[in-house]
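# Summary of the model geometry
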Amino acid sequence: MAGKHALLSPSSAHRWLACPPSARFEEQIPQQESAYAAEGTLAHELAATLLLREAGLLLSETVYDAKMEGFRRSPLYTEEMLEHCRNYAHFVADLGGQIDVERGYDLSALVPMSHGTADAVSTRPPHLRVIDFKYGAGVRVSATANPQMMLYALGALGRAEGKGLAIETVTLTIYQPRAGGESSWKTTPAELKRWAEEVVAPAARLAVAGMGDFAPGDHCRFCRARTSCRAYFTRFAEVLKIRDSREMDDLERRVVLDLGPALTKWIKAVQEDAVERLSSGRAVPGFKLVQGRGRRAFTDESRVATTLIGSGAIPAEEVYTYSLRSLTDLERTLGRKRFTELLGDLVTMKEAGPVLAPADDPRPEYCTDQAIEYELADIL
């Protein structure tokens, strides 16, 4: 069941629920794993192994040691990853109840052609808790009304009720250690089933048939079809309507600020897609691949240093330059705990200047008058 990626997978539910035809459109485009996805996969496997051991589930010492050795041999493995995964394992194990790790659910009774695997489920009647481990650091994911988690919860709920267990509350938890930590949201079995009937079922029927209206939005972020999607292109129609004038009005300025970042990323994605198409022998009318500009490089840096020092052309101390590795790089190498022990007293947070944010951003508004006062105080 878990071997083949489901057409209507829980992980992409936020997309096909909002834009039903995207499922069939995206199905035509091969998947390519990024370095970030590979890192996330490794972290998930490590977290599951540690949780199995922490929860006292079947995992012999020999198997455990062999798996851990395999993780450590991966170039993506770090002590920081190990620490985050251990904390996740402790968090889930402490929930108690019946712990299921990497439990697969056939969701086809609710959503045609759908199945998925929940990272962890704690069943402790009358409570059911579904936990999803996310290792990504770029985008914080909220558990509130999260469709991926709600579908996992429906699968876990069906299994619990099939065993005759009475569940009254369902808690969805996203454990994302590198982007804000834990996020939880509570609901009830009745609310989940109502959502499945009124929202999921109609959208799923359209998605399986490749029908419905394309609806571009933030859910397009990781859609493989967005570089070919006309609806996504027309999302920027308001930007394209802006004509040359002496000065943009407030509405035009807001349009650019709202859509400009997404437009820039989309153009870059289209360019990368065109290079991929041409590299694989497909045509992109009006364009071709040419040799990029190369750069000079030494074939053997050790011999370069030996030659320079031996000839006396440059003093030995000027052959090499030394610089301290970045804070983030050192923290990744040492692990957060060891980094804090050694260097915690030597780290400070430099205050950042103002940045643009939507008016509904939860952060307090930057006080420009106060900033001016600080600057005047420095001058005086």
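Below is a short write-up of the structure. This one's a predicted model, so the numbers in the text were calculated from it and none came from an experiment. (Residues numbered from 1 in each chain as written. Predicted model: local features only at pLDDT ≥ 70, side-chain atom pairs only at ≥ 80, totals over all residues. Heavy atoms only, no water.)

## Focus: the sheet that holds strand β4 (residues 169-176)
Rules: Two strands pair under a simple rule: DSSP has to find at least two bridges between them. Going along the chain from the N terminus, every DSSP run of H or I of four or more residues is numbered as a helix, and every run of E of two or more is numbered as a strand. Helix axes are fitted only over the stretch in contact, all axes being lines through C-alpha atoms; the angle between N-to-C directions runs from 0 to 180 degrees. Note on contacts: a residue pair qualifies if any of its non-hydrogen atoms lie within 4.5 Å across the two residues.
As summarised here, the arrangement of the 5 strands in space is β1-β2-β3-β4-β5, forming an open sheet in which the pairing is mixed. On the outer flanks of this sheet lie β1 (98-106) and β5 (181-187), each paired with one strand and no other. Across the sheet, the mean angle from the axis of one strand to that of its neighbour is 30°, orientation sign disregarded. Pairing analysis gives 5 bridges linking strand β2 (residues 115-124) to strand β3 (residues 127-133), with the strands arranged antiparallel. Bridge pairing links Arg 124 to His 127 in β3. Each of β1, β2, β3, β4 and β5 touches helix α5 (residues 79-93); the most contacted strand, β3, lies at about 175° to it.

## Description of the side chain of Glu 331
Stated formally: Any residue under 20% of the maximum accessible area for its type is buried, any over 50% is exposed, and the rest in between are partly exposed; the area is computed with a 1.4 Å probe on protein chains only.
The topology assignment puts Glu 331 in helix α12 (residues 327-334). Judged by relative accessible area, Glu 331 falls into the buried class, the value being 18%. Those residues in contact with Glu 331 that sit more than four places away from it in its chain are Arg 336 and Phe 339.

## A look at empty space enclosed by the protein
Selection criterion: Grid points spaced at 1 Å over the protein atoms alone were grouped into cavities, where a 1.4 Å probe fits but cannot get out, and pockets, open sets with protein on both sides within 12 Å along at least five of seven lines, with lining residues defined by an atom within 4 Å of a point. Grid points are joined across faces, edges and corners, and a volume is the space filled by probe spheres set on the points.
The final tally for this structure, using the stated rule, is 2 cavities of 30 Å³ or more. Estimated volume of the largest cavity: approximately 100 Å³. Lining of the largest cavity is provided by 13 residues; of these, Cys 19, Ser 22, Cys 220, Cys 223 and Cys 229 occupy positions nearest its centre. Approximately 30 Å³ is the volume attributed to the second largest cavity. Lining the second largest cavity we find His 44, Ala 47, Ala 48, Leu 51, Tyr 88, Val 101, Glu 102, Asp 119 and Phe 133. Elements that contribute at least two residues to the lining of the second largest cavity include exactly α3 (35-54) and β1.

## Considerations on the pattern of salt bridges
The test is simple: Salt bridges are identified by distance alone: a Lys or Arg side-chain nitrogen within 4 Å of an Asp or Glu carboxyl oxygen.
Applying the stated criterion across every chain yields a total of 19 salt bridges. Between Glu 26 and Arg 224 there is a salt bridge, with the nearest N and O atoms lying 3.5 Å from each other. A residue pair is termed long-range when its members are at least 10 positions apart, and Glu 26 in helix α2 (residues 22-27) and Arg 224 in the loop between α7 (189-209) and α8 (230-234) qualify at 198 residues. With relative accessibility at 8%, the residue Glu 26 sits in the buried group.

## As for the pairing of β5
In the sheet, β4 pairs with β5 via 7 bridges, with the strands oriented antiparallel. Bridge pairing in β5 places Thr 171 opposite Lys 186. Once β4 ends, the chain turns through 4 residues before running back antiparallel as β5, passing Gly 180 with a positive phi of about 105°.

## Examining unusual backbone geometry
Residue Pro 126 follows Pro 125 across a cis peptide bond; omega there is 5°. For Glu 102, which is not glycine, the phi dihedral falls at a positive 55°. Its identity is not glycine, yet Ala 145 carries a phi of approximately 50°, on the positive side. The topology assignment puts Ala 145 in the loop between β3 and α6 (147-162). On the basis of relative accessible area, Ala 145 is assigned to the partly exposed category, the value being 41%.

## Here's the deal with the state of the cysteines
Here is the rule we go by: Here, the term disulfide refers to a pair of cysteine sulfur atoms separated by no more than 2.5 Å.
All chains considered together, the criterion is met by 0 disulfides. Summary of cysteine pairing: Cys 223 is not part of a disulfide, and the nearest cysteine sulfur, belonging to Cys 220, is at 6.1 Å. The exposure class of Cys 223 is buried, given its relative accessible area of 8%. In this structure Cys 229 is a free cysteine whose sulfur lies 6.3 Å from that of Cys 19, the closest cysteine sulfur available.

Take it as geometry only, folks, not as evidence of what the structure does.
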